[in-house]
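A closer look at the structure
Residue-level listing of the chains:
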Amino acid sequence: MNALTSKLLGGKQGLIGLVILSAIIFIALPLGLDLFRLGLVGKYLTYAFVAVSLVLLWGYGGILSLGQGIFFGLGGYCMAMFLKLEASDPVSTKIQTTPGIPDFMDWNQLTEIPWFWVPFQSLTLTILAVLIVPALFAYIIGYAMFKRRVGGVYFAIITQAIALILTILIVGQQGFTGGVNGITDLKTMLGWDIRDDSSKYILYYVNGLLLIGTILVCRYIITSKFGMLLLAMRDKEERVRFSGYDVSNFKIFIFCVAALISAIGGAMFTLQVGFMSPSFIGIVPSIEMVIFAAVGGRMSLIGAIYGALLVNFGRTMFSETYPELWLFLMGGLFIAVVMFFPNGLAGLYEKYAKKYRLAERMQKIFSSGKPAKADAEATPTKTTGAKA
Amino acid sequence: MSNTDFVLAIEDLTVSFDGFKAVDALTLYVDRNELRVVIGPNGAGKTTVLDLICGKTKSTSGSIKFKNRELTTLSEHEIVRAGVGRKFQTPSIYENLSVYQNLEVSYPKGRGVWGSLLFKSTDDVVNSVHRVAKEIMLEEHLDMEAALLSHGQKQWLEIGMLLMQDPELLMLDEPVAGMSAKERDQTADLLNRICKNRSVVVIEHDMEFVKKIAHKVTVLHQGKILAEGTMDNVQKDEKVIEVYLGH
């Protein structure tokens, strides 16, 4: 059990990273920001799920998916369908031709809920769908691709194509999906208003907890033999295959896990932002999510979260002042990261933390109970660090 | 095809790439505990034969039986699990992992997705890693990143990764390519040690090395067997001198 805990926390180093991250998410940001800004952070943190999934899939597995938006979107749509049905009760939709169905269905002359909407009347089935539908979709794509040994650039292009197809499909089927507007006007979950201030805080914290939980699960995976095999496969796939492993099964599995994580992010997005639209599925958002992971460092689970936060803060700031420049800046940022910091923020941290022996000092502060004592201990290290 | 006592029985094996027969009606038997060396000029089909046995290339016709089990219909990982290990020509190791991890990851337990997630490094695993590391002379480098090993050590590590799986048939493609004279001698000793309880098939060009290890030699030429027998007999064979050893 002890070994398992230390595995999950990633040793002392990993624990420190996790504590700092939790402190920022759960204490610093809620205290320092007004509710509007905190809502934005909450939204960014749902993207962080996708960035984390890409660390697992791309960083460790070497499988670059440029279509993670598919799974973010599917998770988000599953949740939105439930909330929309609840928002479309007969009383509030009584001006429609057919009361009791979502407004966009009514506009498109539908008179009853389509069959695939029916399960989303139940919250339990909806939560199951959020977890299962994207993973199942990933399984089908993964099975078709990896069993045929499609990989690398071809896989990336195919995921892009699927993201595009799904967007077009959703936009085209307005009566069933809400079309280009997406699913909007979401109000309550089982009668609980998701729009008022207290629910916003609650959802923000639930999102944060799920994100930390995801990190722990991912850490378990990458420290297990499975994780070692991922690294081995990235390096020498043939050698793994000729060591008696069915490589495709491992790839399919990690692709499904990544889809599941992205879907949780999508569902939390819908809950916090209050709508879901095809603009979160397509090519551009899928590539942006890769950029978040790249900026954070594609081998660092925690780095990916900082990457998502930082790039999105940047976007918000710049697009408030120079909206037309943002896309160029984002492209430039990606090129800069790939060329100069291939390991992203996490790589920079590693480099400078080693230089100033930050980690050692942190460890001393965390391992000794009293902060005052820790300071005293840390001071000599500081001087030696400066000398070195 | 009949059942045999041979560990490996290749009969009438042919593979053709767009009409070019890289291996042409090859029949080859390998005994238990035998160390067989396959030699031949470039393009003779030596590596292709190994590719066919381990499933990397699918045969056009013919049969490959390992302990009377047909291999041509199995997929690569099933062939490995049946007990056939193969070392590639260029050292094929996981450069990002340590020597210890390279060996550990090759341990033949936890080979499924769930198995690997729940895999625990038990005493058996640790002992196997240390035993094999000692065998391949890398015991002192267990914590080293595999990328930092010398070329010869990488070759040994890959052999070690196969030994972790304890295969009954071990196939090595040019194991001493790029090694120093001393490393070659050490490798010859290593091969002589590890062929005790298993059959080994080696492809090699270095005749001095072949002499040290071979129980029997097969000479391939244009996808067919040119000669087979002890090293001395093969070296005296006029056809072999003509196409390969001669000039």
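Reading guide: rules and limits
Throughout this document, residue positions are counted from 1 along each chain, in the order its sequence is written. Lettering of chains starts at A and numbering of ligands starts at 1, both following the order in which they are written. Given that this is a predicted model, residues contribute local features only at a pLDDT of at least 70 and side-chain atom pairs are listed and counted only at 80 or more, while totals for whole chains, interfaces and linings are drawn from all residues. For the side-chain quantities, the full set of heavy atoms in the structure was used; hydrogens and water were omitted. In DSSP terms, a helix is any run of H or I states spanning at least four residues, a strand is any run of E spanning at least two, and both are numbered starting from the N terminus. Radius of gyration here uses only the C-alpha atoms, and the compact-globule reference equals 2.2 Å multiplied by the residue count raised to the power 0.38. Remark: exposure states derive from per-residue accessible area (1.4 Å probe, protein chains only) relative to the maximum for the residue type, with buried under 20%, exposed over 50%, and partly exposed in between. Segmentation into domains, and thus their bounds, comes from an automatic or database assignment. Contacts are assigned to residue pairs with any non-hydrogen atoms lying within 4.5 Å of each other. When two components associate, each loses some accessible surface as probed by a 1.4 Å sphere; the sum of these losses over both components is called the buried area. Salt bridges are defined as contacts in which a side-chain nitrogen from Lys or Arg sits within 4 Å of a carboxyl oxygen from Asp or Glu. The definition of a polar contact used here is a pair of N or O atoms within 3.5 Å, where within protein one atom must be able to donate a hydrogen and the other to accept one, and adjacent residues in sequence count solely through side-chain atom pairs. Think of it this way: DSSP has to see at least two bridges between two strands before they count as a pair. Residues grouped as a nonpolar core are buried Ala, Val, Leu, Ile, Met, Phe, Trp, Tyr and Cys residues, joined through side-chain atoms within 4.5 Å. The axes used here are C-alpha line fits, helices contributing only the stretch in contact, and every angle between their N-to-C directions lies in the interval 0 to 180 degrees. A helix is expected to reach a length of 1.5 Å times the quantity of its residues less one. What the arc covers is the set of directions going from the helix axis to the C-beta atoms. Counting rule applied: Lys, Arg positive; Asp, Glu negative; His and chain ends not counted. When the strands point away from the viewer, a crossover counts as right-handed if the path from the first strand over the helix to the second runs clockwise. Each residue carries a pLDDT value, the predictor's own confidence for that position, ranging from 0 to 100. Pairs of cysteine sulfur atoms within 2.5 Å are what we label disulfides. Between the rings of Phe, Tyr and Trp (Trp by its six-membered ring), a pair exists once the centres lie within 6.5 Å; its type follows the angle of the planes, with under 30 degrees stacked, over 60 edge-to-face, and the other angles tilted.

1. As for the overall build of chain B
In terms of regular secondary structure, chain B is built from ten helices and ten strands. A compact globule built from 247 residues should have a C-alpha radius of gyration of about 18 Å, and chain B, at 18 Å, falls within 12% of that. When its C-alpha atoms are laid out on the principal axes, chain B stretches across 55 × 40 × 35 Å. The burial tally for chain B puts 56% of its 247 residues in the buried class.

2. Section: the domain arrangement of chain B
It is common to report an interface's size as the accessible area lost on association of the parts. Residue and element names in this part refer to chain B. Segmenting chain B into domains produces domain 1 (1–83 + 169–247) and domain 2 (90–166). Spacing between the C-alpha centres of domain 1 and domain 2 amounts to 25 Å. Taken together, the contacts link 16 residues of domain 1 with 15 residues of domain 2. Taking both sides of the interface into account, the surface hidden between domain 1 and domain 2 amounts to around 1,300 Å²; carbon and sulfur atoms contribute 61%. Of all residues in domain 1, Arg81, Leu190 and Arg198 bury the most surface against domain 2, accounting for 30% of the area lost on that side. Seen at the junction of domain 1 and domain 2, the total is two salt bridges. In this assembly, domain 1 and domain 2 are joined by five residue pairs in polar contact (both at pLDDT 80 or more). The element contributing the most residues to the side of domain 1 that touches domain 2 is helix H7 (residues 181–194), with six residues.

3. Quick look at the interface of chain A and chain B
Taken residue by residue, the interface counts 25 residues in chain A and 35 residues in chain B. In this assembly, chain A packs against chain B so that about 2,600 Å² is buried in total across both faces, 61% of it on carbon and sulfur atoms. Among the residues of chain A in contact with chain B, Lys225, Arg239 and Phe242 of chain A are the three that bury the most area, contributing 30% of the side total. Counting across the chain A and chain B interface gives three salt bridges. Linking Glu158 of chain B and Arg239 of chain A is a salt bridge whose minimum nitrogen-to-oxygen distance equals 2.5 Å. Taken together, the links from chain A to chain B amount to 14 residue pairs in polar contact (both at pLDDT 80 or more). Sorting elements by how many residues they give to the side of chain A that touches chain B places helix H10 (residues 225–235) of chain A first, with eight residues.

4. What to know about the domain arrangement of chain A
Once the domains are mapped, chain A shows domain 1 (2–342) and domain 2 (347–388). Placing the centre of domain 1 of chain A and that of domain 2 of chain A at their C-alpha centroids yields a distance of 36 Å.

5. Side note on the pairing of strand E6 (residues 84–87) of chain B
All names here are of chain B. In E6, alternate side chains face the same way, and those of Val84 and Arg86 on one face and Gly85 and Lys87 on the other are all buried. Pairing between E6 and strand E7 (residues 169–173): four bridges, direction parallel. Looking at E7, one finds that Lys87 is bridged to Leu172.

6. Brief notes about the nonpolar core
Membership of the largest hydrophobic core comes to 167 residues, with the highest contact counts inside it found for Leu45, Phe226 and Ile305 of chain A together with Leu103 and Leu157 of chain B. Sorting elements by how many residues they give to this core places helix H3 (residues 35–60) of chain A first, with 17 residues. Other than its neighbours up to four places away in sequence, Leu103 of chain B contacts Val129, Val132, Ala133, Ile136, Leu142, Leu157, Gly160, Met161 and Met164 of chain B.

7. Here's the deal with the sheet that holds strand E2 (residues 20–30) of chain B
Hydrogen bonds along the backbone pair up the strands of a sheet, which may run parallel or antiparallel. All names here are of chain B. Here we have four strands laid out as an open sheet, ordered E2-E1-E4-E5, and antiparallel in their pairing. Among the strands making up the open sheet, the edge pair consists of E2 and strand E5 (69–70). As paired elements, strand E4 (residues 61–66) and E5 share two bridges and run antiparallel to each other. Bridge pairing links Lys65 to Glu70 in E5. This element, helix H1 (residues 46–54), spans strand E1 (8–17), E2 and E4 of the sheet and lies at about 110 degrees to E1.

8. Regarding H7 of chain B
Residue and element names in this part refer to chain B. The terminal C-alpha atoms of H7 lie 20 Å apart, and with 14 residues this matches the ideal 20 Å at 1.5 Å per residue to within 8%. For H7, the full list of buried residues reads Glu183, Thr187, Ala188, Leu190, Leu191 and Ile194. Take H7 and look down its axis: the buried residues cluster within an arc of 165 degrees, on one side only. What points out from H7, more than 90 degrees from its buried face, is the exposed set Ala181 and Lys182. Contact partners of the buried residues in H7: strand E3 (35–39), helix H5 (123–135), helix H6 (151–164), E7, strand E8 (199–203) and helix H8 (207–213).

9. Observations concerning the side chain of Glu174 of chain B
All names here are of chain B. Looking at the secondary structure, you find Glu174 in the loop between E7 and H7. Of the side chains with opposite charge, Lys46 comes closest to the buried, unpaired Glu174, at an N-O distance of 5.6 Å. Excluding residues within four positions of it along the chain, Glu174 makes contact with Gln89, Gln155, Ile203, Glu204 and His205.

10. Quick notes on the pairing of E7 of chain B
Residue and element names in this part refer to chain B. When you tally the buried positions in E7, you get five out of five residues, the bulk of the element. Burial along E7 is two-sided: the residues Leu169, Met171 and Asp173 and Leu170 and Leu172 are all buried. Both E7 and E8 contribute to a ladder of five bridges, which runs parallel. Considered in E8, the bridge of Leu170 is made with Val200. In this fold, the crossover linking E7 to E8 by way of H7 has right-handed handedness.

11. A few points about the sheet that holds strand E10 (residues 224–229) of chain B
All names here are of chain B. Judged by pairing direction, the sheet is mixed, and its six strands sit side by side in the order E6-E7-E8-E3-E9-E10 without closing on themselves. Of all the strands in the sheet, just E6 and E10 have a single pairing partner and so form its edges. Across the sheet, the axes of successive neighbouring strands diverge by a mean angle of 15 degrees, strand direction being ignored. Strand contacts of H6: E6 and E7, with the helix running at about 170 degrees to E6, the strand carrying the most contacts.

12. A closer look at the environment of Phe253 of chain A
Take Phe253 of chain A: it is sitting in helix H12 (residues 247–273). The buried category is assigned to Phe253 of chain A, whose relative accessible area is 16%. Linking Phe253 of chain A and Leu57 of chain A, residues 196 residues apart in sequence, is a C-alpha distance of 9.9 Å. Among all residues touching Phe253 of chain A, those that are not within four sequence positions of it are Phe226 of chain A together with Val113, Trp114 and Leu117 of chain B.

13. A closer look at the confidence of the model for chain A
Mean pLDDT for chain A: 88, with 91% of residues reaching 70 or above. Within the model, the stretch residues 369–388 of chain A combines pLDDT values under 50 with eleven contacts to residues more than four positions away or in other chains.

14. Some words on the state of the cysteines
Residue and element names in this part refer to chain A. For the coordinates displayed, the defined rule picks out zero disulfides over all chains. Just so you know, Cys218 is unpaired, no disulfide at all, and the nearest cysteine sulfur is the one on Cys256, 14 Å from it. The exposure class of Cys218 is buried, given its relative accessible area of 0%.

15. Topic: the packing of aromatic side chains
If you walk through the whole model with that rule in mind, you get 27 aromatic pairs over all chains. On the numbers, 5.5 Å between centres and 65 degrees between planes, the contact of Phe72 of chain A with Phe269 of chain A is edge-to-face. A residue pair is termed long-range when its members are at least 10 positions apart, and Phe72 of chain A in helix H4 (residues 68–87) and Phe269 of chain A in helix H12 qualify at 197 residues. Of the two residues examined, Phe72 of chain A and Phe269 of chain A, each falls in the buried class. Measuring from ring centre to ring centre gives 6.4 Å for Tyr107 of chain B and Phe119 of chain B, while their planes differ by 55 degrees; the resulting arrangement is tilted. In this pair, Tyr107 of chain B sits in the loop between helix H3 (99–105) and helix H4 (113–118) while Phe119 of chain B sits in the loop between H4 and H5, placing the two residues twelve residues apart along the sequence.

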